[in-house]
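Chain by chain, the residues:
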Amino acid sequence: MLALAVGMLASYLPEILPGGLGSGLSFLGWMFPLLASAFYLLVNIQRIRFPIVIWIPWALWALIYLVFAEAANALQRTVMMLTPLVVGAAFSAMAVNEAVFEKCRQWLVYFLWIFLGAAAMATGLAVGRLYDLSSFAAGSITASLLAAWFAVLYTTGRQKKYLIYWGLLALVPVLANTRTGMVAVALTLPLVLTPFAFYKRILIIGLMIFVGIGLFYTERIQNKMFYSGEGTLQEAFENTLNILAGEGKVNFNFASSGRYWLNKILISRLDEAYWMGHGANATEAISVSITRVTHPHNDWLRLRYEYGMVGMVIFGLAMLGQAIHAWLRARRAPAQQALFLYAGATSFIPMAIFMLSDNVIMYAAWFGNLQFAMLGLGYALLQRPFRAGAARS
């Protein structure tokens, strides 16, 4: 747990410190948890409860592509993608009792307040003026994971404080002005995978649509989405679809940050290696030449281009299989011991959404490590029944 906390701190320092201070330590965000988890597994390998078999096809596919990789940095990118699996396995090997369970829950509350403080600093809220562009885009990804956790706590215990915590997290992408983040975080509550009344889900979605339309027409979001500072929902919807498809035309007034042309080029080359892809990290050089960032902001497209249709389907099936496996185990588990599994299963919903416009599978320190740590804790908890009334709701 300490290694995970240190890793997240190392990753977030460049996001909140001025002038990119701490950027030289960001690699520790995934490396430190990886090394600590690997060491722990070496001495506790017989206690692993994580269903690693679900991910073996994807891990083997990625490792085979690494062996034959020609692109630069393929080793680092592959290790970063697979790090959460090691973290999840390590956490599932822990001996978790009621005391450890409560410490984990409390740690997440502490982390919530630290995280919200970092969001306030990075978005300008702390100084009383929201920045039009913030450095906290990756924070929206972490916010979705924490939101999934507190959505689970609220829907299983109906304690209003957890709904308040969830609401604060839903504000993070609004403060950071990240469009996909607003949708992904908001949907964690109505789509939470706990037993929750259907009519409440519909009411929440209706309320979110109403609030979302209001936010869309605020000056800050209009300036983010349109160069002229003015645009309609129809324009935003049509242009977003064209960016994702890499087809049609994108209005010059719509701020695509170069994503349209990058997606268009990658999609136009998919048929060159339709089934097997172009190789591990083959998108990096293309992305840098067009947008000056190292990855296309579309994980599904990146997987398709680098690992082919076969690789993308293998990864998608692993995600689906893991979510279903955790959900089924949670449904059969005692209420308290099911919480981490429900949260882990729910987290795949915002993950799939973020993958349409971001690099969530590469951001192990911001999302994947904590996500799989939750899943690992969930599986570890199943091995030791709690005493009646021992854990608080």
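J.: Hey, could you run me through helix α5 (residues 98–123) in this one?
T.: Think of an α-helix as turning once every 3.6 residues; residues three or four places apart then point the same way. The end-to-end C-alpha distance of α5 is 37 Å, a good match for the 38 Å that 26 residues give at a rise of 1.5 Å each. Following α5 by one or two positions, Gly124 adopts a phi angle in the positive range, close to 95 degrees.

J.: Is there a simple way to think about the side chain of Thr78 in this case?
T.: Checked against the element boundaries, Thr78 lands in helix α4 (residues 74–92). Thr78 gets classed as buried once you look at its relative accessible area, which sits at 2%. At a separation of 2.8 Å, a polar atom in the side chain of Thr78 contacts the main-chain carbonyl oxygen of Ala74. The residues contacting Thr78, other than those within four sequence positions of it, are Ala62, Leu63, Leu66, Ala280 and Tyr307.

J.: Explanation requested: the pattern of salt bridges in the structure shown.
T.: Side chains that differ in sign of charge can pair as their charged atoms come close. Summed over the entire model, instances satisfying the criterion amount to three salt bridges. The salt bridge involving Arg302 is made with Asp299; its shortest N-O contact spans 3.7 Å. With Arg302 and Asp299 both in helix α14 (residues 299–332) and three residues apart, this pair spans about one turn of that helix. Like Arg302, the residue Asp299 is buried in the burial classification.

J.: Could you clarify how one ought to interpret the nonpolar core in this entry?
T.: Side chains of nonpolar character tend, in soluble globular proteins, to be buried together. By size, the foremost hydrophobic cluster in this structure holds 98 residues, and its most contacted members are Trp55, Trp58 and Phe150. The element that contributes the greatest number of residues to this core is α5, accounting for 12 residues. Setting aside residues no more than four positions away along its own chain, Trp58 makes contact with Met81, Leu82, Leu303, Tyr307, Gly311, Ile314 and Phe315. Listed in part, the 10 residues of the second largest apolar core include Phe216, Ile221, Ala236 and Val250.

J.: Help me understand the packing of aromatic side chains, please; the structure alone is not making it clear to me.
T.: Two numbers describe a pair of aromatic rings. These are the distance of the centres and the angle of the planes. As enumerated under the stated definition, the model contains 24 aromatic pairs in all. With centroids separated by 5.1 Å and ring planes inclined at 70 degrees, the aromatic side chains of Trp58 and Tyr307 adopt a geometry described as edge-to-face. In this pair, Trp58 sits in helix α3 (residues 56–67) while Tyr307 sits in helix α14, placing the two residues 249 residues apart along the sequence. For Trp58, a relative accessible area of 1% gives the class buried. Judged by relative accessible area, Tyr307 falls into the buried class, the value being 1%. Consider the rings of Trp107 and Phe111, whose centres lie 5.5 Å apart with planes at 10 degrees: the pair is stacked. With Trp107 and Phe111 both in helix α5 and four residues apart, this pair spans about one turn of that helix. For Phe111, a relative accessible area of 10% corresponds to the buried category. Over the ring of Tyr274 we find Arg304; its NZ or CZ atom is 4.7 Å from the centre of that ring.

Rules used in this analysis
Residues numbered from 1 in each chain as written. Predicted model: local features only at pLDDT ≥ 70, side-chain atom pairs only at ≥ 80, totals over all residues. Heavy atoms only, no water. Helix = DSSP H or I, 4+ residues; strand = E, 2+ residues; numbered from the N terminus. Expected span 1.5 Å × (residues − 1). Buried < 20%, exposed > 50% of the residue type's maximum accessible area, 1.4 Å probe, protein only. Polar contact = N/O pair within 3.5 Å; in protein donor to acceptor, adjacent residues only side chain to side chain. Contact = heavy atoms within 4.5 Å. Salt bridge = Lys/Arg side-chain N within 4 Å of Asp/Glu carboxyl O. Core = buried A, V, L, I, M, F, W, Y, C linked by side-chain atoms within 4.5 Å. Phe/Tyr/Trp six-rings, centres within 6.5 Å; stacked < 30°, edge-to-face > 60°. Lys NZ or Arg CZ within 6 Å of the ring centre and 35° of its normal.

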